[in-house]
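One letter stands for each residue in the lines below.
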Amino acid sequence: MLRSFQADLHVHTCLSPCADINMSPAAIVKRAQSLGVDILGICDHNSAENVLAAVAAARGHGLHVLPGMELTSAEEVHILALFDKPELAQALQEIVYRHLPGKNDEEIFGMQVLANADDEVLGFNQKLLIGATTLGVDEIVKNIHSLQGLAIAAHIDRESFSLISQLGFVPDNLPLDALEISPAISPEEALRRYAPALPLVQSSDAHQQDEIGRRRTVFLIEEASIAEIKKALQQQEGRRIVH
Amino acid sequence: MTLKDVVEKLGLRVMTVKAALDPELTGAYAGDLLSDVMANARPGNLWITMQTHQNVLAVAQIKDLAAIVLVNGRKPDAETLQKADQENVTVLGTDEPAFRISGQLYRLLGEP
Ligand SMILES: [Zn+2]
Ligand SMILES: [Zn+2]
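Fair warning: this is a prediction, and the values are worked out from it, not measured in the lab. (Residues numbered from 1 in each chain as written. Chains lettered and ligands numbered in written order. Predicted model: local features only at pLDDT ≥ 70, side-chain atom pairs only at ≥ 80, totals over all residues. Heavy atoms only, no water.)

### Some points on the coordination of the zinc ion (ligand 1)
Residue and element names in this part refer to chain A.
No. 1: The zinc ion (ligand 1) binds to the protein through Glu70 (OE), His78 (ND1) and His155 (NE2); the donor distances cover 2.0 to 2.1 Å.
No. 2: Positions of the donor residues of the zinc ion (ligand 1), expressed as sequence spacing, correspond to E-x7-H-x76-H.
No. 3: Between the zinc ion (ligand 1) and the zinc ion (ligand 2), a spacing of 3.5 Å is present, and a bridge between the two is formed by Glu70. By the burial criterion, Glu70 is buried, and His78 matches it. (Donors = N, O, S within 2.8 Å, 3.2 Å for Na, K, Ca; no water. Buried < 20%, exposed > 50% of the residue type's maximum accessible area, 1.4 Å probe, protein only.)

Below you can see the structure in the form of structure tokens.
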């Protein structure tokens, strides 16, 4: 049976250097659940090392975590990848790590904290997660799809790191599943401004706790899965976005 | 000054086969953000960039730019170059960084 699911598909954990240190996977899950979020996408910059902790923290709490990542392309475009299983996000991470030069400087960019589901610090990621990969947008989308993931252009309305800021417009041969808008713009305004040929989703891009769930996309679907969300994006079999 | 004069004086590589080098340049614009180039470059400008995504071709066409100069030895993929030829966009290249090419062009073209 179809029902509505409140989704916040774009939330950072303390692994992202720019995110608040309080954004532990367990804390995020707890807060998202208290706000009535049904589907939570965990998308750290160029890494999926905290997704397992978020999945584990959500188990038995009626909240479904989609393991993901926010990749930075060679053109400095942010692309969200979302998966059904942590292994798939980790497989993407392996590809990303082979194409991500540099080392983090905590003083300048911030700490990259690895945590477990019990809020314990496991260590610190040393890679330059805030940097750009050497993968172009086309290669990134291809890799995400080869792992059965969803590929979504992040915050297209932003003046930096967005598909539109970097590449001027949505390339017509790029097989994205959706375009995401940031909390800074309303869906109505986005429709007017971009007249998008692709479905629009909106999420919080939360970097601190009080931002979690501030914008959501409501999907009318049967269950919280990539396949169901894909159907909703393409308006198949009665599945759709109800905003 | 024509595009041909600039190509010769700066030693730019001509990467497209069907390169129209006769246009008179109206100046130049440097930028890697295509949204910015779409907003600010002017017709007949030479565009200096390190952006090699295929969208550069559409921007050059929409803005009626004289040519694209890819700096830092950047090369577009074969498909993009092929498309550039089909759509009559001239793509040039240099190993120099944007600052040096911009400086040399400024000396040649002056204030637009
Ligand atoms: Zn982003
Ligand atoms: Zn983000």
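### With respect to helix H4 (residues 78-86) of chain B
One turn of an α-helix holds 3.6 residues; hence residues three or four places apart share an orientation.
Residues and elements named next belong to chain B.
No. 1: Of the residues making up H4, those classed as buried are Thr80, Ala84 and Asp85. The arc enclosing the buried residues of H4, seen along the axis, measures out at 140 degrees, which places them on a common side. Every exposed residue of H4 that faces more than 90 degrees away from the buried side is listed here: Ala78, Gln82 and Gln86.
No. 2: In this structure, the buried residues of H4 make contact with helix H3 (55-62) and strand S5 (91-93). (Helix = DSSP H or I, 4+ residues; strand = E, 2+ residues; numbered from the N terminus. Arc of directions from axis to C-beta. Contact = heavy atoms within 4.5 Å.)

### So, the coordination of the zinc ion (ligand 2)
Residue and element names in this part refer to chain A.
No. 1: Here the zinc ion (ligand 2) is held by His10 (NE2), His12 (NE2), Glu70 (OE) and Asp205 (OD), and the distances to it run 2.0 to 2.2 Å.
No. 2: Classification of the site at the zinc ion (ligand 2) rests on its four donor atoms, whose angles at the metal span 80 to 173 degrees, yielding the label irregular.
No. 3: Binding-site remark: the zinc ion (ligand 2) is held by donors from one chain whose sequence spacing is H-x1-H-x57-E-x134-D. (Tetrahedral: all angles 85-135°; square planar, octahedral: opposite > 155°, others 65-115°.)

### Comments concerning a nonpolar patch on the surface
No. 1: There is a patch of nonpolar side chains on the surface, built from A:Ile21, A:Met111, A:Val121 and A:Phe124 and spanning about 360 Å² of accessible area.
No. 2: In this structure, A:Ile21 sits in the loop between strand S1 (3-11) and helix H1 (25-34). (Patch = residues over 30% accessible without salt bridge, like charges linked within 9 Å, V, L, I, M, F, W, Y side chains within 5 Å. Areas by Shrake-Rupley, 256 points an atom, 1.4 Å probe, with all protein chains shown as cover. Salt bridge = Lys/Arg side-chain N within 4 Å of Asp/Glu carboxyl O.)

### So, the nonpolar core
Most often, soluble globular proteins keep nonpolar side chains buried together rather than apart.
All names here are of chain A.
No. 1: Core analysis: the biggest nonpolar cluster contains 68 residues, and Leu40, Leu92, Ile144 and Leu176 have the highest contact counts within it.
No. 2: The residues touching Leu40, leaving out its near neighbours within four places in the chain, are Asp8, Val11, Ile28, Val29, Ala32, Leu63, His64, Val65 and Leu66.
No. 3: Counting residues in hydrophobic clusters, the runner-up holds 21 residues, among them Leu80, Leu82, Leu150 and Ile241. (Core = buried A, V, L, I, M, F, W, Y, C linked by side-chain atoms within 4.5 Å.)

### Digging into a negative patch on the surface
No. 1: Side chains of A:Asp138, A:Glu139, B:Asp77 and B:Glu79 sit close together on the surface and give a patch of like negative charge.
No. 2: Structurally, the position occupied by B:Glu79 is in helix H4. (Lys, Arg positive; Asp, Glu negative; His and termini not counted. Charge placed at Lys NZ, Arg CZ, Asp CG, Glu CD.)

### Focus on the sheet that holds strand S1 (residues 13-14) of chain B
Residues and elements named next belong to chain B.
No. 1: Judged by pairing direction, the sheet is mixed, and its five strands sit side by side in the order S1-S5-S4-S3-S2 without closing on themselves. Looking at which strands have only one partner, the edges of the open sheet turn out to be S1 and strand S2 (27-30).
No. 2: Where S2 and strand S3 (residues 45-49) come together, four bridges link them in parallel fashion. Its bridge partner being in S3, Ala28 is matched across the sheet by Leu46.
No. 3: Against the sheet, helix H5 (residues 98-109) engages S2 and S3, with an angle of about 160 degrees to S3. (Pairing = 2+ DSSP bridges. Axes fitted to C-alpha atoms, helices over the stretch in contact; angles between N-to-C directions.)

### Digging into the packing of H1(A) against helix H2 (residues 51-58) of chain A
All names here are of chain A.
No. 1: At their nearest, the axes of H1 and H2 sit 8 Å apart, and the two run at 45 degrees to each other. Put simply, H1 runs oblique to H2. When the axes of H1 and H2 are compared, the crossing they make is right-handed. Note on element contacts: H2 touches H1 through Ala53, Ala54, Ala57 and Ala58, opposite Pro25, Ala26 and Val29.
No. 2: Of the residues contributing to the contact of H1 with H2, the split by class is seven nonpolar, no polar and no charged. (Parallel < 35°, antiparallel > 145°, perpendicular 65-115°, else oblique. Left-handed = near helix turned anticlockwise from the far one by under 90°. Nonpolar A, V, L, I, M, F, W, Y, C, P; charged D, E, K, R; others polar.)

### Details of the pattern of salt bridges
Pairing between side chains of opposite charge can happen when the charged atoms of each approach one another.
All names here are of chain A.
No. 1: Applying the stated criterion across every chain yields a total of twelve salt bridges over all chains.
No. 2: Among the salt bridges present, the one from Glu228 reaches Lys231, with a minimum N-O distance of 3.9 Å. With Glu228 and Lys231 both in helix H8 (residues 226-233), this residue pair falls three residues apart, about one helical turn.
No. 3: You can call Glu228 buried: its relative accessible area is 6%.

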